[in-house]
Amino acid sequence: MSKDSARPGEIRDLAKKTWEVPELPERYLLDLRSECNLACPMCLLHGSDDDEAKEGAIGKMEFDQATQILDEIKEVKPLIQPSMWGEPLLAKNLRDHLQNMKDRGISVCMNTNGLTLREPLARFFVEVGLDSIFFSLDSTTPETLKKVRGVNKLQKIEDNLRLMLRVREEMGATMPRIGATFTVQDENEHELEEFIDKWVQEVDVVRVGTVFEDGGLTGISTPQERVPCGALYHTMPIHFDGNVSICCFDSFATEIVGNVFTDGGVKGVWHGDKLNKIRHYHETNQYDKVPFCKDCNAWAGYVYEEEVTKRAGVAVLERRSHQFVYYNRLDRMDSWHENLRGHEPPDFEALEQIDLDEFVAEEA
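Keep in mind that this is a model prediction, so the values were computed, not measured.

Caption draft 1: Main features of the overall build of the protein chain. Summing up its helical and strand segments, the protein chain has 13 helices and 15 strands in all. Here the C-alpha atoms of the protein chain give a radius of gyration of 20 Å, agreeing with the 21 Å that 2.2 N^0.38 yields for 364 residues. When each of the 364 residues of the protein chain is scored for burial, the buried share is 55%. Accessible surface, the protein chain: about 16200 Å² in total, of which carbon and sulfur atoms supply 45%. Computed over 42 positive and 66 negative side-chain charges, the separation of the two mean positions in the protein chain equals 3 Å.

Caption draft 2: Geometry of the pattern of salt bridges. Evaluation of the coordinates by the stated rule reveals 22 salt bridges. Between Glu119 and Arg123 there is a salt bridge, and its shortest N-O distance comes to 3.1 Å. Here Glu119 and its partner Arg123 are both found in helix α4 (residues 119-128), 4 residues apart, which amounts to about one turn of the helix. The class of Arg123 is partly exposed, set by a relative accessible area of 26%. Notably, a salt bridge pairs Asp138 with Arg149, separated by 2.6 Å at the nearest N-O pair.

Caption draft 3: Representation of the environment of Glu72. Relative to the assigned elements, Glu72 resides in helix α2 (residues 63-73). Dropping the residues within four chain positions of it, Glu72 is found in contact with Leu24, Gly264, Gly265, Val266 and Lys267. There is a polar contact of 2.9 Å between the side chain of Glu72 and the backbone nitrogen of Lys267.

Caption draft 4: Just the environment of Val200, in detail. Looking at the secondary structure, you find Val200 in the loop between α7 (192-199) and β7 (205-210). Sequence separation of Val200 and Asn328 is 128 residues, and the distance between their C-alpha atoms is 8.1 Å. Among all residues touching Val200, those that are not within four sequence positions of it are Val206, Arg311, Ala312, Val314, Val316, Tyr327 and Arg329.

Caption draft 5: Just a negative patch on the surface, in detail. A cluster of acidic side chains, namely Asp186, Glu187, Glu189, Glu213 and Asp214, defines a negative patch on the protein surface. The topology assignment puts Asp186 in the loop between β6 (177-184) and α7. Classification of Asp186 by relative accessible area gives exposed; the value is 66%.

Scoring rules and cut-offs
- Residues numbered from 1 in each chain as written.
- Predicted model: local features only at pLDDT ≥ 70, side-chain atom pairs only at ≥ 80, totals over all residues.
- Heavy atoms only, no water.
- Helix = DSSP H or I, 4+ residues; strand = E, 2+ residues; numbered from the N terminus.
- Rg over C-alpha atoms; globule rule 2.2 N^0.38 Å.
- Buried < 20%, exposed > 50% of the residue type's maximum accessible area, 1.4 Å probe, protein only.
- Areas by Shrake-Rupley, 256 points an atom, 1.4 Å probe, with all protein chains shown as cover.
- Lys, Arg positive; Asp, Glu negative; His and termini not counted.
- Charge placed at Lys NZ, Arg CZ, Asp CG, Glu CD.
- Salt bridge = Lys/Arg side-chain N within 4 Å of Asp/Glu carboxyl O.
- Contact = heavy atoms within 4.5 Å.
- Polar contact = N/O pair within 3.5 Å; in protein donor to acceptor, adjacent residues only side chain to side chain.
- Patch = residues over 30% accessible without salt bridge, like charges linked within 9 Å, V, L, I, M, F, W, Y side chains within 5 Å.

This is the structure we're talking about:
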């Protein structure tokens, strides 16, 4: 086991030390369709009261336009999240889009509210090789779900999550990687610990995150030394019309650095003057010259560490940043492969050397 590997009780620092711009980004948020069947108060798009702004920010990408993007980026075998602020299961021709991506060797991960999942689609996800699917639950009671997501259909979402688990098992597969997520807010934080302990016993990974509002993540502390935002070096948010934002948190696409259909494709925008200038300001501590980034603290979400711990009697690789905490079950790591890009993969070889039965049996 290498000296910088994650071990039980020891912390592995995974903060990036250098900032290099690759030929093409390794991770994309591709807004196939921005409609949603919910209007969660926390959502920067669908939770907004600005109907005029929402109307301009909601639309869908045509299949041939998406294919044009895929053909340009397929060489780097990137990761795509086929949505930004919409519900991905509502995308027209979703199966065709996913098949198109997987035929090109692209990893696909999605976040869903799970309400419209049915068994045929779950089986398709396994057949096509969907890489991961995370269900947004945010609660352990219907009453709390109503407060944070506007619906009380918790049982339906939980049933559909378990449907996905059952179908994967019946088909003898390890993918997609299946997770349950919790976004911490005043209305639900009292259920957080119960949520983690409940779902870490069922899913591959539990993710805990924070809300972005008023230009930053809520309820977090950040390192004293600010560093450039990692998203500028590996992630491209592409809206349904081809416009590329500085950041995925720009839900209304107000800060555009280019358009992949009119400005030289993905590569033209990625290496364009606007985005390069923003990176320069980050690298030289001139954040005040980028109004969208000036007071933002989301950059701290890309500074993270990990250690092997136990949760509810389950051995987990706990990966922490100031934005997210992931509780990754060590006995389900075969669902996490190296092409799930955007963050450094774990040291799989080191983790395999941990005796899980012995570790779990040890006194806390």
